[in-house]
Amino acid sequence: QVQVVETGGGLVQPGGSLRLSCTASGTIFQIYYIHWYRQAPGNKRELVASIIGSHITNYADSGKGRFTVSRDNARNTAYLQMNNLKPEDTAVYSCNARLIQTFADSPRDYWGQGTQVTVSS
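**What about the packing of aromatic side chains?**
All told, the structure shown has 2 aromatic pairs when counted by the stated rule. On the basis of an interplanar angle of 80° and a centroid distance of 5.9 Å, the ring pair of phenylalanine 29 and phenylalanine 103 is categorised as edge-to-face. Taken together, the residues phenylalanine 29 in the loop between β3 (18–26) and β4 (30–39) and phenylalanine 103 in the loop between β9 (91–100) and β10 (108–111) connect sequence positions 74 residues apart. Taken together, a centroid distance of 5.1 Å and an interplanar angle of 40° make the contact between tyrosine 37 and tryptophan 111 tilted. A residue pair is termed long-range when its members are at least 10 positions apart, and tyrosine 37 in strand β4 and tryptophan 111 in strand β10 qualify at 74 residues. Geometry around tyrosine 79 places arginine 19 over its ring, the cationic atom sitting 4.2 Å from the centre. Cation over ring: arginine 45 sits above tyrosine 37, and NZ or CZ is 5.0 Å from the ring centre.

Have a look at this one:
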């Protein structure tokens, strides 16, 4: 009933930018937070950025000053703007949305399939 889809990945040169989108669709009453994660081959999944409610944001040290997370509540979409990308940012980026489908629902986590970001010259 709820689907989460990430888009916007691709191949970019070092120093370039990408904007990822995470869109939740289906019956949604409220999204509490959206987390952005990434995982490179052989590495553990890393929490990159979070947006809690509409305005509270947190960033891992790896993305501070380069990544910006934002949200469009009307579209049930969160964005991850990534600037000055580095080869070490190469990974599959996925998002996790915690939401309720009705007023009386219990919060549940939903995950997308991820989108590949490759930073290479």
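**Describing the nonpolar core**
By size, the foremost hydrophobic cluster in this structure holds 29 residues, and its most contacted members are Ile34, Trp36, Leu80, Met82, Tyr93 and Leu99. For this core, the elements supplying multiple residues, two or more each, are β1 (2–7), β3, β4, β5 (46–52), β7 (67–72), β8 (77–82), β9 and β11 (115–119). Here this core gets 5 residues from one element, more than from any other, and that element is β9. Dropping the residues within four chain positions of it, leucine 99 is found in contact with Val2, Ala24, Ile28, Gln30, Ile31, Tyr32, Ser106, Pro107, Arg108 and Tyr110.

How each quantity is defined
- Counting of residues starts from 1 at the beginning of each chain's written sequence and follows it residue by residue.
- Residues qualify for local features only when their pLDDT is at least 70, as the model is predicted, and side-chain atom pairs are given and counted only at 80 or more; totals for whole chains, interfaces and linings, by contrast, use all residues.
- Hydrogens and waters are ignored; side-chain quantities use all the structure's heavy atoms.
- Working definition: rings of Phe, Tyr and Trp (its six-membered ring) pair if their centres are within 6.5 Å, and the pair is stacked with planes under 30 degrees apart, edge-to-face with planes over 60 apart, and tilted otherwise.
- Helix numbers and strand numbers start at the N terminus; a helix is a DSSP run of H or I with at least 4 residues, a strand a run of E with at least 2.
- As a reminder, the over-ring test applies to NZ of lysine and CZ of arginine, requiring each to be within 6 Å of the ring centre and within 35 degrees of the ring normal.
- We call a set of buried residues a nonpolar core when its members are Ala, Val, Leu, Ile, Met, Phe, Trp, Tyr or Cys and they connect through side-chain atoms within 4.5 Å of each other.
- Think of it in three bands: residues with accessible area under 20% of the maximum for their type are buried, residues over 50% are exposed, and the middle band is partly exposed, with areas taken using a 1.4 Å probe on protein chains only.
- Between two residues, a contact is recorded if the distance between any of their heavy atoms is within 4.5 Å.

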